[in-house]
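# Structural characterization, general
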Amino acid sequence: MTSAEATQPPLLEVRDFGLEFRTRSGTVHALEGVNLSIRKGEIVGLVGESGSGKSVLSYAMLGISDRAARVTGGRAVFGGLDLLQADERTLADLRGREISMIFQSPRTALNPIRPVGQQIEDVLRRHAAATGPDLGTSLRQRAVQALREVAIADPERRVHAYPFELSGGMCQRVMIALALACRPSLLIADEPTTGLDVTTQAAVMDLITELARERHMATLFITHDLALAADYCDRIVVMHAGHAVESAPSKALFTGAKHPYTARLITSTPGERSTLADLAPVPGALPDLRRSDLPACRFAERCERASDRCRTERPLLDAGVPHGVACWHPMDGPAPGASGARESIGWPALAATPTASTTMIPTHG
Ligand SMILES: Nc1ncnc2c1ncn2[C@@H]1O[C@H](COP(=O)(O)OP(=O)(O)O)[C@@H](O)[C@H]1O
Ligand code: SF4
Ligand SMILES: [Mg+2]
């Protein structure tokens, strides 16, 4: 992100976003009062345990939610347009052109019975008007070029390949080529490296972030892996049980997490030199989001700092400040512990902190 981009209004601004699912076993209160913003050229990590609402947030913004989903409030303004109010036609036109998404399992996201080159051509054709004048370049040539840009070797031959003929890492590269074919201004990558081996994971992350930087593309990188987000993102937004609880530049988050849940997540994140004994899992489990008696701060039942106020009054996240936290009793100063994850992201000053087996959360009082 350039300094000019840093002063511009956000490209995407989510405010007070609520979402629920009506199911036979009750209403799932999946998101409540979520605040989040992304600027042009910024890479933001959306992090939290599985089930914290990261995926449903992005699906709802793109209008691809499950039928049981219902937006209960808020707005998600992208380039002046509230995505939550937009009709399906407008959203269909935006998807793939202005906002693109990369999913977790490329093999299931790709059409198994169509060569990958044709799948890229389909996207280019669908958004032909938006992808600029065709300066004599055929769709096939542009598909080849798209594969070349994601570093697929021998793209002239590979455009004819079916997904089953490609490795998992190669399929993910094709997904990236598909997502970026129309040069979107916002990319949402939902767990794009889950299921890939560590080397391929790094290569795919390098590729996404290099292309994002080169094109000044805003990127929302969704992951349950805090260390991976810290390695690649400018800023991290932490989600817990459908609430956005902390938002800060990556380094500030690791050096001084303010939310007790973030602090616990850091301690539970393995680093290069951490041993099993260093890791302390987040206590308890995510609350059942179908409950009608959820505490106002949904972390209250897992939190050693909880007071009565936490159970009855929801703390709000101010997404407008550089380091925002939704907590009535935030932690002060550098968080102790969490050596492993910090070492892995290469901040030597932090490596001297006590081992993560020390209790992260001081008792309240
Ligand atoms: N179609 C659905 N019907 C009911 N509940 C759903 C549905 N999709 C997601 N949820 C619930 O919404 C919450 C958030 O899910 P999700 O966004 O997939 O989590 P994450 O991506 O953070 O792992 C979870 O409690 C999940 O069970
Ligand atoms: S101190 Fe209270 S508001 Fe903060 S995380 Fe714990 S329960 Fe939630
Ligand atoms: Mg998910």
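What comes next concerns the included structure. Nothing here was measured: the structure is a model prediction, and the numbers come from that model.

Turning next to the site of ligand 1. Taken together, 15 residues are adjacent to ligand 1, and Phe21, Lys54, Ser55, Val56 and Asp66 come closest. Looking at the shell around ligand 1, the element that brings in the most residues is helix α2 (residues 54–62), giving three residues. Here the residues of the shell around ligand 1 sort into six nonpolar, seven polar and two charged.

Okay, the sheet that holds strand β4 (residues 69–78) next. Within the open sheet, the four strands sit side by side as β2-β1-β4-β5. Their pairing is antiparallel. Both outer strands of the open sheet, β2 (26–38) and β5 (81–82), are each paired with one neighbouring strand and no more. α2 rests against β1 (12–23), β2 and β4 of the sheet, and its axis sits at about 75 degrees to β2.

To continue, consider helix α8 (residues 168–180). The terminal C-alpha atoms of α8 lie 18 Å apart, and with 13 residues this matches the ideal 18 Å at 1.5 Å per residue to within 8%. Across the 13 residues of α8, eleven count as buried, placing the element largely inside the fold. For α8, the complete set of buried residues consists of Met170, Cys171, Gln172, Arg173, Val174, Met175, Ile176, Ala177, Leu178, Ala179 and Leu180. Looking at the buried side of α8, the elements it contacts are β6 (99–102), α4 (106–109), α5 (116–126), α6 (139–149), β7 (186–190) and α9 (198–215).

With respect to topology, seven strands assemble into an open sheet ordered β6-β7-β8-β3-β9-β10-β11, the strand pairing being mixed. Each edge of the sheet is formed by a strand with only one pairing partner; in this case those strands are β6 and β11 (324–325). Across six bridges, strand β9 (residues 235–240) lies against strand β10 (residues 243–249) in antiparallel orientation. Across the sheet, residue histidine 240 finds its bridge partner in β10, namely histidine 243. Contacts between helix α12 (residues 260–267) and the sheet are confined to β9 and β10, with β9 contributing the most and set at about 105 degrees to the helix.

A separate point is unusual backbone geometry. In this structure, arginine 183 takes a positive phi of about 55 degrees despite not being glycine. By the secondary structure assignment, arginine 183 is in the loop between α8 and β7. Of note, the phi angle at glutamate 191 is positive, near 45 degrees, even though the residue is not glycine. By the element assignment, glutamate 191 lies in the loop between β7 and α9. On the neighbour-count criterion, glutamate 191 (19 C-beta atoms within 10 Å) is partly exposed.

It is worth spelling out the packing of α8 against α9 at this point. Axis separation between α8 and α9 bottoms out at 10 Å; the angle between their running directions is 15 degrees. It follows from the interaxial angle that α8 and α9 lie roughly parallel. For the pair α8 and α9, the crossing hand works out as right-handed. Where α8 abuts α9, its residues Gly168, Gly169, Gln172, Arg173, Ile176 and Leu180 lie against Thr200, Ala203, Val204, Leu207, Ile208 and Leu211. Here the residues of the contact of α8 with α9 sort into seven nonpolar, four polar and one charged.

We now examine the nonpolar core. Soluble globular proteins tend to bury their nonpolar side chains together. Grouped together as the largest cluster of nonpolar side chains are 95 residues, with contacts concentrated most on Ile120, Ala177, Ala181, Leu186, Phe221, Ala229 and Ile236. Examining the composition of this core, we find that nine residues originate from one element, α8, more than from any other. Three or more residues apiece are contributed to this core by two domains, here domain 1 (99–183) and domain 2 (260–351). Once residues within four sequence positions are removed from consideration, leucine 186 is found in contact with Leu11, Leu12, Ile38, Phe78, Glu98, Ile99 and Ala218.

Thresholds applied
- Residues numbered from 1 in each chain as written.
- Chains lettered and ligands numbered in written order.
- Predicted model: local features only at pLDDT ≥ 70, side-chain atom pairs only at ≥ 80, totals over all residues.
- Near = placed C-beta within 6 Å.
- Helix = DSSP H or I, 4+ residues; strand = E, 2+ residues; numbered from the N terminus.
- Nonpolar A, V, L, I, M, F, W, Y, C, P; charged D, E, K, R; others polar.
- Pairing = 2+ DSSP bridges.
- Contact = placed C-beta atoms within 7 Å.
- Axes fitted to C-alpha atoms, helices over the stretch in contact; angles between N-to-C directions.
- Expected span 1.5 Å × (residues − 1).
- Buried ≥ 20, exposed ≤ 12 C-beta atoms within 10 Å, placed from the backbone.
- Parallel < 35°, antiparallel > 145°, perpendicular 65-115°, else oblique.
- Left-handed = near helix turned anticlockwise from the far one by under 90°.
- Core = buried A, V, L, I, M, F, W, Y, C linked by C-beta atoms within 7 Å.
- Domains from an automatic or database assignment.

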